Amino acid sequence: MSLNNKKILITGANGLLGQVLRLFLEKHGFVVIATGLGSDRLCNHNHVYKELDVTSLEQCAYVINKYEPSVIVNAAAMTNVDECEISKTKCLAVNSSSIDNFIPHVINYKIHLIQISTDFVFNGFSGGYVENDACNPLNNYGMSKLSAEKNIKNNLGDELYTIIRTSLIYGPGENNFLAWVRTKLETGDILNIVHDQYRTPTYVNDLALAILRIIELKKYGLYHISSGEKLSIFDIVCNIAICLRLDLSKINKINSRELNQIASRPSDSTLDIDKAIKELGFAPTKLNNALKNIL
Ligand SMILES: NC(=O)c1ccc[n+]([C@@H]2O[C@H](COP(=O)([O-])OP(=O)(O)OC[C@H]3O[C@@H](n4cnc5c(N)ncnc54)[C@H](OP(=O)(O)O)[C@@H]3O)[C@@H](O)[C@H]2O)c1
């Protein structure tokens, strides 16, 4: 099968990554089958959209048998970390047990499963994590994503899956961190932002490109994909404000204890991306350059 005939099924295709990825892969000549909860939230595209709840065994079987994709990118997830702490059962069902609905089909059709995972599988005590560092999540979200990783590793052959761990995805659109900061600052709200949590933010376009490389180069196993640029959440928010020429005095620097969030967060979950740079030729965009493109 030539590359351009490859059929890619994307789950969670109404989400931040899903929306960008489906347009990106369509532009690169792939046959895209976008799936998500409820109706299609993206206009102006030329690919199929099907409703698919990944927790439904029947719906997964129906869609996979109908389209026989050669690649599945599983971007569906319950991503609100505090909600995952409150609704543990739902979090496990969506983020972890749903993998059982894909595994038999992945084996049967020899599909390349690309699972999107998270820096929150780490406890954040040290930072600069490489792919084979020990995982020890602090919250249900991280536990559910790690459990999905284990399920995939334990049940699929080495040449059937790739797990991508990524961190603080941002990009265009209304449903992400960047839009949240912008709206708050433009309406003059005070923002209380932690300075003691470090992340390696990820430009969604870079992540889409890394996924394309993984598909084209047939790369399997585990990859960390982010900017590799270690920044505190406070620094990230200040950079956004500076880029938008908005009032920095509205951004309060606080520590995690003061924020008192429902779910614990890792203090330094920064990801080392050397493997992706070497093996995928990955060249991530620095936050400030990406912001200039988006804002
Ligand atoms: N965003 C980040 O900073 C970040 C960081 C690290 C890793 N990740 C991982 O990256 C992936 C993509 O994240 P994202 O930022 O694109 O998140 P997102 O914008 O929240 O997208 C996730 C999508 O999954 C959908 N979904 C939820 N439950 C589902 C179900 N049962 N069946 C099918 N779809 C379902 C959501 O639907 P609704 O829109 O209807 O809720 C949403 O559209 C996820 O696996 C996430 O864990 C994200």
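For the structure, check the block above.
A brief look at the structure comes next. No experiment lies behind these values; they were computed from the predicted model shown. (Residues numbered from 1 in each chain as written. Predicted model: local features only at pLDDT ≥ 70, side-chain atom pairs only at ≥ 80, totals over all residues. Heavy atoms only, no water.)

**Overview of the overall build of the protein chain**
Inclusion rule: In this description a helix means any DSSP run of H or I spanning at least four residues, a strand means any run of E spanning at least two, and both kinds are numbered starting from the N terminus. The size measure is the radius of gyration over C-alpha atoms, and the globule rule it meets is 2.2 Å times the number of residues to the 0.38 power. Partly exposed residues are those whose accessible area sits between 20% and 50% of the maximum for their type, while under 20% is buried and over 50% is exposed, using a 1.4 Å probe and protein chains only. Here the accessible surface of atoms and residues is derived via Shrake-Rupley with a 1.4 Å probe, and residues count as covered only by protein chains that are part of the display. Under the convention used here, Asp and Glu are negative, Lys and Arg are positive, and both His and the chain ends fall outside the count. By convention, charge coordinates are those of NZ in Lys, CZ in Arg, CG in Asp, or CD in Glu.
Secondary structure summary: the protein chain contains 12 helices and 13 strands in total. Here the C-alpha atoms of the protein chain give a radius of gyration of 19 Å, agreeing with the 19 Å that 2.2 N^0.38 yields for 295 residues. A buried classification covers 52% of the 295 residues belonging to the protein chain. When the accessible surface of the protein chain is totalled, it reaches about 13,400 Å², and 48% of it is carbon and sulfur. Averaged over its 30 positive side-chain charges, the protein chain has a centre that lies 3 Å from the centre of its 30 negative ones.

**As for helix H9 (residues 233-243)**
In an α-helix, one full turn covers 3.6 residues, which means residues spaced three or four apart are oriented alike. Spelled out, the test is: Residue contacts follow a heavy-atom distance rule, with two residues in contact if any of their heavy atoms lie within 4.5 Å.
With eight of its 11 residues buried, H9 lies for the most part within the structure. Turning to H9, its buried residues number three or more, namely Ile 233, Phe 234, Ile 236, Val 237, Cys 238, Asn 239, Ile 240 and Ala 241. On its buried face, H9 sits against helix H7 (177-186), strand S8 (191-194), strand S9 (198-199), strand S12 (231-232), strand S13 (251-254) and helix H12 (287-294).

**Some words on the site of the ligand**
In plain terms, the rule: Working definition: residue near molecule or strand if any one of its non-hydrogen atoms lies within 4 Å of it. Here a polar contact is recorded for every N or O atom pair within 3.5 Å, except that within protein the pair must consist of a potential hydrogen donor and a potential acceptor, and residues adjacent in sequence are included only if both atoms are side-chain atoms. Residues are grouped as follows: nonpolar covers Ala, Val, Leu, Ile, Met, Phe, Trp, Tyr, Cys and Pro; charged covers Asp, Glu, Lys and Arg; every other residue, Gly included, is treated as polar.
Neighbouring the ligand are 24 residues; Arg 41, Asp 53, Thr 79, Tyr 141 and Lys 145 lie closest to it. Between an oxygen atom of the ligand and a main-chain N or O atom of Gly 15, the distance comes to 3.2 Å. A distance of 2.9 Å is found between an oxygen atom of the ligand and a backbone nitrogen or oxygen belonging to Leu 16. Taking 890 Å² as the accessible area of the ligand by itself, protein coverage stands at 82%. At the level of secondary structure, the elements contributing two or more residues to the shell around the ligand comprise helix H1 (16-27), strand S5 (112-118) and helix H6 (140-155). Considering every element that reaches the shell around the ligand, the biggest residue donor is S5, with three residues. Here the shell around the ligand is built from residues that sort into 13 nonpolar, eight polar and three charged.

**Side note on the packing of helix H4 (residues 88-95) against H6**
Quick note on the threshold: Helix axes are fitted to C-alpha atoms over the stretch in contact, other axes to C-alpha atoms as well, and angles between N-to-C directions run from 0 to 180 degrees. When describing relative orientation, an angle under 35 degrees is termed roughly parallel and one over 145 degrees roughly antiparallel, while 65 to 115 degrees is termed roughly perpendicular and anything else oblique. Here a crossing is called left-handed whenever its near helix is offset anticlockwise from the far helix by less than a right angle, and right-handed whenever the offset is clockwise.
Viewed as axis vectors pointing N to C, H4 and H6 meet at an angle of 30°, and their least axial separation amounts to 9 Å. One element, H4, and the other, H6, form an angle in the roughly parallel class. Classified by chirality, the crossing of H6 by H4 is right-handed. For the pair H4 and H6, contact is made by Lys 88, Cys 91, Leu 92 and Asn 95 and by Asn 140, Tyr 141, Ser 144, Lys 145 and Ala 148, respectively. In the contact of H4 with H6, the residues fall into four nonpolar, three polar and two charged.

**Some points on the sheet that holds strand S4 (residues 71-74)**
Neighbouring strands of a sheet are bound in pairs by backbone hydrogen bonds; such pairs are parallel or else antiparallel. So the rule is basically this: Two strands qualify as a pair provided that DSSP identifies no fewer than 2 bridges between them.
One open sheet accounts for seven strands, arranged S3-S2-S1-S4-S5-S6-S11; its pairing is parallel. The sheet is open, and its two borders are formed by strand S3 (48-51) and strand S11 (221-225), each paired with just one other strand. Taking the axes of each pair of neighbouring strands and ignoring which way they run, one obtains an average angle of 20° across the sheet. Two elements, S4 and S5, share four bridges in a ladder whose sense is parallel. Within S5, the position partnered with Asn 74 by the bridge is Gln 115.

**Looking at the pattern of salt bridges**
Note the following rule: Salt-bridge detection follows one rule: a side-chain nitrogen of Lys or Arg within 4 Å of a carboxyl oxygen of Asp or Glu.
A complete count under the given rule lists six salt bridges for this structure. Across the pair Arg 182 and Glu 186 runs a salt bridge, and its minimum N-O distance is 3.2 Å. In this pair, Arg 182 and Glu 186 are both assigned in helix H7, four residues apart and thus about one turn of the helix distant. Taking the shortest distance from any N to any O, the salt bridge between Lys 184 and Asp 189 comes out at 3.6 Å. On the basis of relative accessible area, Lys 184 is assigned to the partly exposed category, the value being 27%. Residue Asp 189 is classed as partly exposed on the basis of its relative accessible area of 31%.

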